[in-house]
Amino acid sequence: ASTIRSFASGLQEIFVIEEKHPNVEILIKNSLYNHVDHPVVVGKSNEDGSALLPGHGSLSADQIMPALCRRLHDRLGHRLAPVVPVREHIPLAVSRTPFFCSGCPHNRSTVVPDGTLVGVGIGCHTMVMLADPDRVGDIAGLTCMGNEGTQWIGMEHFVGTDHLTQNLGDGTYFHSGQLAIQASIAAGAHITYKLLWNGAVAMTGGQDPAGRIELPNVVAQLLGQGVSRIIVTTDDPSTHAQKKLPATVDVWDRRRILEAQEALRATPGVTMMIHDQRCAAEARRDRKRGKAPVPRTRVMINHRICEGCGDCARISNCLSVQPFETRLGRKTTIDQTSCNLDLSCLEGDCPAFISMRRPRFGRKSSGAKQTPALNPSATMPPDGLPDPQPGHRDVSVHITGIGGTGVVTVAQLIGTAAMLDGAQIHGLDQIGLSQKAGPVVSDIRITHGDAAESSRVGSGQADLLLAFDLLVAASWTGLDAADPSRTAVVGSTSVTPPGEQIAHPEIEMPGVSDLLARIDTVTLAEHRQWADAEYITNALFSSTVTANVFVVGMAVQAGLLPIDPALIEESIALNGVAVEANVSAFRWGRWQVADPAVVAARVEQGRTHTAESSHIPDALRQRVDALAAGDAELEEAIAYRTLDLIGYQGRKLADAYLRRLERVAAVESSALPGSTRLTAAVAIGLHKLLAYKDEYEVARLMLDPTIREAVDTQASPGDKISWQLHPPTFKALGLHNKISVSTRWRPIFAILRRGKRLRGTHLDPFSHNPLRRIERSLPGEYNDAIDMTLPNISASNLDAAVDLANLADVVRGFEDLKLRNVEIFRSRLTQLSAEFAANTAPGKSVG
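Residues numbered from 1 in each chain as written. Predicted model: local features only at pLDDT ≥ 70, side-chain atom pairs only at ≥ 80, totals over all residues. Heavy atoms only, no water.

1. Observations concerning helix H3 (residues 61-76)
Selection criterion: Think of it this way: any DSSP run of H or I at least four residues long counts as a helix, any run of E at least two long counts as a strand, and we number them from the N terminus. To estimate how far a helix should extend, the number of its residues minus one is multiplied by 1.5 Å. What is called the bend at a residue is the angle between a pair of axes, fitted to the seven residues leading up to and ending at it and to the seven starting from it. Three labels apply to residues, based on accessible area from a 1.4 Å probe with only protein chains included: buried if under 20% of the type maximum, exposed if over 50%, partly exposed otherwise in between. Residue contacts follow a heavy-atom distance rule, with two residues in contact if any of their heavy atoms lie within 4.5 Å.
Between its terminal C-alpha atoms H3 stretches only 19 Å, short of the 22 Å expected from 16 residues at 1.5 Å a residue. At Arg-70, H3 shows its maximal bend, which comes to roughly 40 degrees. Those residues of H3 not exposed but buried are Ile-64, Pro-66, Ala-67, Cys-69 and Arg-71. Looking at the buried residues of H3, the elements they touch are strand E1 (13-15) and strand E2 (40-42).

2. Points about the side chain of Ser-675
Mapped onto the fold, Ser-675 is located in the loop between helix H25 (651-671) and helix H26 (677-690). Looking at Ser-675, the relative accessible area reads 15%, which means it is buried. Apart from residues lying up to four places away in sequence, Ser-675 is in contact with Glu-668 and Leu-798.

3. Some thoughts on the pairing of strand E6 (residues 191-197)
Operational definition: A pair of strands is considered paired only if DSSP assigns at least 2 bridges between the two. Throughout, right-handed denotes a crossover for which the path from the first strand over the helix to the second runs clockwise when the strands point away from the viewer.
Counting buried positions along E6 yields 7 of 7 residues, so the element is predominantly enclosed. By the alternation rule, side chains of E6 split into Ile-191, Tyr-193, Leu-195 and Trp-197 and Thr-192, Lys-194 and Leu-196, which are all buried. Two strands pair when backbone bridges link them, and strand E5 (residues 164-169) and E6 are joined in this way by 6 bridges, in the parallel orientation. Considered in E6, the bridge of Leu-168 is made with Leu-195. For the crossover that starts at E5, traverses helix H7 (residues 170-187) and ends in the parallel E6, the hand is right-handed. Bridge analysis of E6 against strand E9 (residues 270-276) gives 7 bridges, and the strand direction is parallel. From the neighbouring strand, Ile-191 faces E9, where its bridge partner is Val-270.

4. Remarks on the side chain of Lys-331
As a reminder of what qualifies: In this tally, Lys and Arg are treated as positive and Asp and Glu as negative; His is ignored, and so are the chain termini. The salt bridge definition used is simple: a Lys or Arg side-chain nitrogen within 4 Å of an Asp or Glu carboxyl oxygen. What qualifies as a polar contact is a pair of N or O atoms within 3.5 Å, subject to a donor-acceptor requirement within protein and to the restriction that residues adjacent in sequence count only when both atoms come from side chains.
With respect to the element layout, Lys-331 can be found in strand E12 (residues 329-334). The side chain of Lys-331 sits in the buried core without any salt bridge; Glu-307 is the nearest counter-charge, 6.0 Å away. A distance of 2.8 Å separates a polar side-chain atom of Lys-331 from the backbone oxygen of His-303. If sequence neighbours within four positions are ignored, Lys-331 has contacts with His-303, Arg-304, Cys-306, Glu-307, Gly-308, Gln-322, Pro-323, Phe-324 and Thr-326.

5. Observations concerning the packing of aromatic side chains
Note the following rule: Pairing of aromatic rings covers Phe, Tyr and Trp, the last counted by its six-membered ring, and requires centre-to-centre distances within 6.5 Å; plane angles under 30 degrees mean stacked, over 60 mean edge-to-face, and any other angle means tilted.
On inspection of all chains with the given rule, the structure shows 5 aromatic pairs. Measuring from centroid to centroid gives 5.8 Å for Phe-174 and Trp-197, while their planes differ by 65 degrees, and the two rings are edge-to-face. Pair noted here: Phe-174 is in helix H7 and Trp-197 is in strand E6, with a separation of 23 residues, a long-range link. Looking at Phe-174, the relative accessible area reads 11%, which means it is buried. Ring centres of Trp-723 and Phe-749 lie 5.1 Å apart, and the angle between their planes is 70 degrees; on these two criteria the pair is classed as edge-to-face. Of this pair, Trp-723 sits in strand E20 (residues 720-725) while Phe-749 sits in helix H30 (residues 746-754), placing them 26 residues apart in sequence.

6. A short note on a positive patch on the surface
This is how it is decided: Exposure above 30% relative accessible area and the absence of a salt bridge qualify a residue for a patch, where like charges join within 9 Å and nonpolar side chains (Val, Leu, Ile, Met, Phe, Trp, Tyr) within 5 Å. The Shrake-Rupley method, run with a 1.4 Å probe, gives the accessible areas here. Residue values count only the displayed protein chains as cover. By convention, charge coordinates are those of NZ in Lys, CZ in Arg, CG in Asp, or CD in Glu.
On the surface, a cluster of positive charge is contributed by Arg-357, Arg-360, Lys-720 and Arg-744. Tracing the backbone shows Arg-744 in the loop between strand E21 (739-742) and H30. For Arg-744, a relative accessible area of 68% puts it in the exposed group.

7. Topic: the state of the cysteines
Using the following cut-off: In this description, a disulfide is simply a cysteine sulfur pair whose atoms lie within 2.5 Å.
Throughout the structure, instances matching the rule amount to 0 disulfides. Cys-306 provides the cysteine sulfur closest to Cys-350, a residue in no disulfide bond, and the two sulfurs are 5.9 Å apart.

8. A look at a nonpolar patch on the surface
A cluster of nonpolar side chains, namely Met-129, Ile-139 and Leu-142, defines an oily patch on the protein surface of about 260 Å² accessible area. Accessibility expressed as a relative area gives 45% for Met-129, which makes it partly exposed.

9. Some thoughts on the environment of Ala-292
Along the chain, the position of Ala-292 falls in the loop between helix H10 (280-288) and strand E10 (297-301). Separated by 108 residues in sequence, Ala-292 and Thr-400 place their C-alpha atoms 33 Å apart. Contacts of Ala-292, omitting those with residues within four sequence positions, involve Asp-286 and Arg-287.

10. Points about the confidence of the model for the protein
Our working rule: Looking at any residue, its pLDDT shows the predictor's confidence there, from 0 to 100.
Counting all residues, the mean pLDDT for the protein is 90, and 95% of those residues have values of 70 or more. When mean pLDDT is taken per element in the protein, strand E17 (residues 464-467) scores highest with 98 and helix H12 (residues 376-379) scores lowest with 55. Note on residues 609-613: pLDDT under 50 across the span, and 10 contacts to partners over four residues away in sequence or across chains. In this model, residues 843-847 is a region of pLDDT below 50 whose contacts with residues beyond four sequence positions or in other chains number 8 contacts.

11. Looking at the pairing of strand E7 (residues 229-234)
Of all 6 residues in E7, 5 are buried, a share of seventy percent or more. Relative to E9, E7 runs parallel, the two being bridged by 6 bridges. Its bridge partner being in E9, Val-232 is matched across the sheet by Ile-274. As paired strands, E7 and strand E8 (residues 250-253) are joined by 4 bridges and run parallel to one another. Following the sheet pairing, Ile-231 is matched in E8 by Asp-250.

12. A few points about the sheet that holds E17
To be explicit about the condition: The axes are straight lines fitted to the C-alpha atoms, using for helices just the contacting stretch, and the angles between their N-to-C directions are given from 0 to 180°.
Taken together, the 6 strands give an open sheet; going across it, the order is E15-E16-E14-E17-E18-E19, and neighbouring strands pair in mixed fashion. Each edge of the open sheet carries a strand with a single partner, namely strand E15 (424-430) and strand E19 (528-531). Averaged over all pairs of adjacent strands, the angle between strand axes in this sheet comes to 10 degrees, irrespective of strand direction. Contacts from helix H13 (residues 407-420) reach strand E14 (395-402), E15, strand E16 (439-447) and E17, with the element oriented near 5 degrees to E16.

13. Points about the sheet that holds E6
The pairing of strands in a sheet comes from backbone hydrogen bonds and takes either a parallel or an antiparallel form. Strand order across the open sheet formed by 7 strands is E4-E3-E5-E6-E9-E7-E8, with parallel pairing between neighbours. Edge positions in the open sheet fall to strand E4 (138-142) and E8, since each of these has one partner strand only. Along the sheet, successive strands turn relative to each other by an average axial angle of 25 degrees, direction set aside. Here strand E3 (residues 117-120) runs beside E5; their pairing, made up of 2 bridges, is parallel. Paired with Gly-119 across the two strands is Gln-166, which belongs to E5. Each of E6, E7 and E9 touches helix H8 (residues 215-225); the most contacted strand, E9, lies at about 170 degrees to it.

14. Re the packing of helix H20 (residues 565-575) against helix H21 (residues 579-594)
Here is the rule we go by: Relative orientations are named as follows: roughly parallel for angles under 35 degrees, roughly antiparallel for angles over 145 degrees, roughly perpendicular for angles from 65 to 115 degrees, and oblique for any other angle. Two helices cross in a left-handed way if the nearer one is turned anticlockwise from the farther one by less than a right angle. They cross in a right-handed way if the turn is clockwise.
One way to put it is that H20 packs onto H21 with a least axis distance of 9 Å and a crossing angle of 155 degrees. With respect to H21, the axis of H20 lies roughly antiparallel. Handedness of the H20/H21 crossing: right-handed. Here Pro-565, Ile-568, Glu-569, Ile-572 and Ala-573 of H20 come into contact with H21, specifically with Val-579, Asn-582, Val-583, Phe-586, Arg-587 and Arg-590.

Listed below in structure tokens is the structure:
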């Protein structure tokens, strides 16, 4: 206190600048409180209580300068530079936020029954605060480490619910969390602790939990302290047979997690669910180092069967289960590069999954194709690259990307290369939770004279925006550092779905053109270089892990990153990881700028050709052309679906489909000349309802030659290929799990495919299934609703009619999920039909 008073003597004002909580500010005010002659002390607020500096997040010069200028204005106003106004950027509807890793045990262990009150845990558990409440429960607060669940001791008697579920990691348990459990036992609380036994302090680097003892000893300790019941859930119950757990402890498969929580909630006192599953990130590292076996099975999805319902993503909550667009709408795919082989996605009620299982003996495999091909002769680009023509040697680089994709590593490669070139390097990696699939920002300042004044690139100070991820670059994180008179941009147009879209595939991502338009507003028109880096590197290397290095090659060749290419390659060699592949990707990135045709030719050479023909009979083609009225996109959409219906049932069904579209098109063109919006919506919606995926159709699509070609591309020689099926007939007999059906059964499914002639007839053995009867009725219900709108179509209600026609997209999924979606479809169809009728003015018909 005396030091502070001595410092403050003779001062008129003290401005305390500190991040987050005002600790220093409070200490200074307390020390000067009883002194009559003391300066004004401000920091987070002015002397009148108005806000001055934010109390959250990190502080930058751009935030401090306006506040400092306001405090100095009365004395130095005439000498101060004008304050640059804060730039406003319209936020994106979808943003990239931290998310659990692919195959992370938190994806399963944090799921709770409906209506559960949940206490948040420290570490990765904290991310449940960013998750879907329908999945992770109603959050009842976050405590500091060691207090997990103790808030319930005071809350329990004053809230309506009688039970709390508290998340807890094993690292926290051994640190101090076990004391909180003891306190809850002593207080007689009714609480369930969910202890994740993943063997790693994952949030801070994957260290082993300090003071760790074996699981049987922990269980015995908890029972001895008074825990009333313990259930262990795991992805492999068979491994616990040798762990000598007490007889009173149940070991259940992880598919029974919700059942376990219900059972523990019904047990008085303190109960414990221990979810035993290795940290996915550490399991991946262990496999790469040969410390753990690689699972023999990988999976992919037959996108022709897939309904894009998101059930597999809902169950697995896995970042590798990603939505993607096809000619028949949004479907789901498995990103083989990031897949951690957890296989929980298989539990979705869907027949679209295909497994690839390597033999137990013989050929070795690394499991999923997680590393690029390292054959220089196959992946190295041709010689003859022209030397880049760099501009200014001093540059400030702002890098935006996704946590876990090597953004910080690439920043270090750039910094090392620039240092080898004799430059001074200042950098700052801003990651936070972003190593868990959230936004990562790395700043690099390269100077050859005076050192940079700051490691951080401030607002509008970037000379180069390296956009490894388009979504992050188009957010405030990327836009704020750029300036339209200064900033060049080099980046990838690949769009990786964020975590929220994994759980909700119906969420619409901003289009690539929209994201690029946002970035165009803050960058130099003459210095923009874009390429679909993930698509190109996947075609070249069968992996996307080198995509960021590819973008660096583009920046160097464009002269926007003024570093000798040889020094970048030397930096890659010094890093020592996948050197051949990264050098090759870097050179291909240079070729992308020097001569894109060279890259395109190699990509086309390596691309798997699975294009499906849209050739239909000439008579039907003429009708399709007339319907499209010169719209090439609509023509392709109708032609493809017409051909699909011929394969589905035959020419008769395709003819009926076109007749329906012709009626809609005639009415729409009469009422609104030139409009095809309603026709296009009905073309998509009616096809979806007509071509429902019964047993015959699933068999047809299982044998689709384009899918077989895709499987052969993903599989390795010797892999056993199987379909993962859950036939409704078997399900009705009590079989709750999928069965693995070898492709040796192709002849049987070929016979079933030909049985489509029986569909809907008295000889159809599947026709009595209640779902099949409903599926056969939906096209009629849909057509009746469309017929209701046609006589009254006008410019004022076209949007409403199109919305009604688009409702068919709601009918997604299989079995129980589809039945629930059918109810939603029917309810909304009735509602929109009634609204359309009520809002249609009499006398406006065009029938």
